[in-house]
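# Commentary on secondary and tertiary structure
What follows is the residue order along each chain.
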Amino acid sequence: MKNKKFKQKRKVWFRALKGILKIFIKKPTFVYKGGKPTAGSIILSNHEGASSPLALELYSDFPIRMWGTYEMNSGLKSVYKYLSNVYFHEKQHKNLHLARFISIFACPFVNLFYKGLNLIPTYRDVRLYKTMTESIKTIKDGQDNIVIFPENSDKGYFKHLKSFYAGFVVLAHRLFKAGIDVSIYVAYYKTETREYVFDAPIYFSELNSAFTSKNEMAGYLLEKCNSIGGNGLQEKTPA
């Protein structure tokens with residue numbers, strides 16, 4: 001008897017939309033150095049523009065919920081402003097007028113796609129509490145892995161990642177205080193070879209014992225991410 005093909009918990013209309021996208025976006029090869037992520041874990045990945053989120057949503061065969069900026073989950077006007085001013089102009093370095101023109105056509109589709117993702121919105125103010133509350137509930141339920149794209153992309157996306165925001169450490173620490181030693185997987189999507197490489201998981205307790213600050217933890221996992229992507233120095237192991 002064949003194993004039942006895995007499907008993300010998504011609405012029927014969104015599965016149909018993903019089916020159309022699969023015609024144009026080829027399936028990557030998933031490489032697991034320490035086994036496939038188990039539900040209730042945190043996955044940290046490079047972003048590669050829209051490439052990594054699309055590859056994961058379309059083809060990962062393990063349950064996921066993504067963190068994503070709240071602007072992409074707040075209606076057409078908000079999506080348009082974010083696409084034109086931030087994503088295409090600031091991150092993709094396109095001329096502002098061209099960015100606005102592209103966003104007019106991209107906005108309806110992107111808004112529809114994000115509606116189907118069951119996204120966990122992230123914020124840069126006190127509303128981050130909502131992100132943490134929903135994320136902790138998701139991990140405790142044990143039904144999904146949380147995918148976070150922590151790279152600082154203020155100046156654009158790079159093959160060699162420059163820095164990680166440390167918000168995921170705050171989440172892992174809050175889970176630890178609640179009695180959950182969450183496993184963290186670092187992943188890197190290589191667009192040239194269409195390989196999505198997942199490193200062996202590391203438990204937050206190991207990081208917490210080896211490093212004294214959230215920025216040190218974030219820096220160590222940044223190095224791991226660059227290393228498995230073939231863009232880093234020789235990987236170090238926490239003492």
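### So, the environment of Asn-73
Within the secondary structure layout, Asn-73 lies in the loop between β3 (64–69) and α3 (76–91). Take Asn-73: its relative accessible area is 34%, and that puts it in the partly exposed class. In this structure, the C-alpha to C-alpha distance between Asn-73 and Pro-121, residues 48 residues apart in sequence, is 6.9 Å. Residues contacting Asn-73, with those up to four places away along its chain left out, are Tyr-114, Leu-119 and Pro-121.

### Description of the nonpolar core
Counting residues in each nonpolar core, the largest one holds 33 residues, and the members touching the most others are Ile-42, Leu-171, Ile-184 and Leu-221. Only β2 (42–45), α5 (128–141), β5 (145–148), α6 (167–177), β6 (183–190), α7 (204–210) and α8 (214–228) provide two or more residues apiece to this core. For this core, the element with the highest residue contribution is α8, accounting for seven residues. Beyond its immediate stretch of four places on either side in the chain, Leu-171 contacts Ile-42, Trp-67, Met-132, Ser-135, Ile-136, Ile-146 and Ile-148. Membership of the second largest hydrophobic core comes to 22 residues, among which are Leu-17, Phe-62, Phe-113 and Tyr-196.

### Quick word on α5
Counted at 1.5 Å a residue, the expected span for α5 with its 14 residues is 20 Å, and the 20 Å between its end C-alpha atoms agrees. Among the residues of α5, Thr-131, Met-132, Ser-135, Ile-136, Thr-138 and Ile-139 are the ones counted as buried. For α5, the angular spread of the buried residues around the axis is 160°, confining them to a single face. Exposed residues lying more than 90 degrees from the buried face of α5 are Tyr-129, Lys-130 and Lys-140. Buried residues in α5 make contact with β3, β4 (120–122), β5 and α6.

### A word on the packing of α3 against helix α4 (residues 96–116)
Two numbers describe how α3 lies on α4: the axes approach to 8 Å, and their chain directions differ by 135°. When the axes of α3 and α4 are compared, the pair comes out oblique. Between α3 and α4 the crossing geometry is right-handed. Taken together, the residues of α4 that come into contact with α3 (itself represented by Leu-76, Val-79, Tyr-80, Leu-83, Ser-84, Asn-85, Phe-88 and His-89) are Leu-96, Ala-99, Arg-100, Ile-102, Ser-103, Ile-104, Ala-106, Cys-107, Pro-108, Val-110 and Asn-111. Looking at the contact of α3 with α4 residue by residue, the class counts come to 13 nonpolar, five polar and one charged.

### Examining the packing of aromatic side chains
In total, this model carries 19 aromatic pairs according to the counting rule given. Here Phe-14 and Phe-113 contribute two aromatic rings whose centre-to-centre distance is 5.2 Å and whose plane-to-plane angle is 55°, an arrangement assigned as tilted. You can see Phe-14 sitting in helix α1 (residues 12–24) and its partner Phe-113 sitting in helix α4, a full 99 residues away along the chain. On the accessibility criterion, Phe-113 (8% relative accessible area) is buried. Directly above the ring of Tyr-70 sits Arg-127, whose terminal nitrogen or CZ lies 4.8 Å from the centroid.

### Focus: unusual backbone geometry
Of note in this structure, Glu-48 is not a glycine but carries a positive phi near 50°. Here Glu-48 is to be found in the loop between β2 and α2 (51–59). In the Ramachandran plot, His-93 falls in the positive-phi region, its phi being about 60° despite a non-glycine side chain. Residue position: His-93 is located in the loop between α3 and α4. Of the residues examined, His-93 reaches a relative accessible area of 55% and is grouped as exposed.

### Thoughts on the environment of Pro-53
Relative to the helices and strands, Pro-53 resides in helix α2. Pro-53 gets classed as buried once you look at its relative accessible area, which sits at 12%. A sequence separation of 129 residues divides Pro-53 from Val-182, and the C-alpha atoms of the two residues are 22 Å apart. If sequence neighbours within four positions are ignored, Pro-53 has contacts with His-47, Met-66 and Phe-149.

Conventions and cut-offs
Residues numbered from 1 in each chain as written. Predicted model: local features only at pLDDT ≥ 70, side-chain atom pairs only at ≥ 80, totals over all residues. Heavy atoms only, no water. Helix = DSSP H or I, 4+ residues; strand = E, 2+ residues; numbered from the N terminus. Buried < 20%, exposed > 50% of the residue type's maximum accessible area, 1.4 Å probe, protein only. Contact = heavy atoms within 4.5 Å. Core = buried A, V, L, I, M, F, W, Y, C linked by side-chain atoms within 4.5 Å. Expected span 1.5 Å × (residues − 1). Arc of directions from axis to C-beta. Axes fitted to C-alpha atoms, helices over the stretch in contact; angles between N-to-C directions. Parallel < 35°, antiparallel > 145°, perpendicular 65-115°, else oblique. Left-handed = near helix turned anticlockwise from the far one by under 90°. Nonpolar A, V, L, I, M, F, W, Y, C, P; charged D, E, K, R; others polar. Phe/Tyr/Trp six-rings, centres within 6.5 Å; stacked < 30°, edge-to-face > 60°. Lys NZ or Arg CZ within 6 Å of the ring centre and 35° of its normal.

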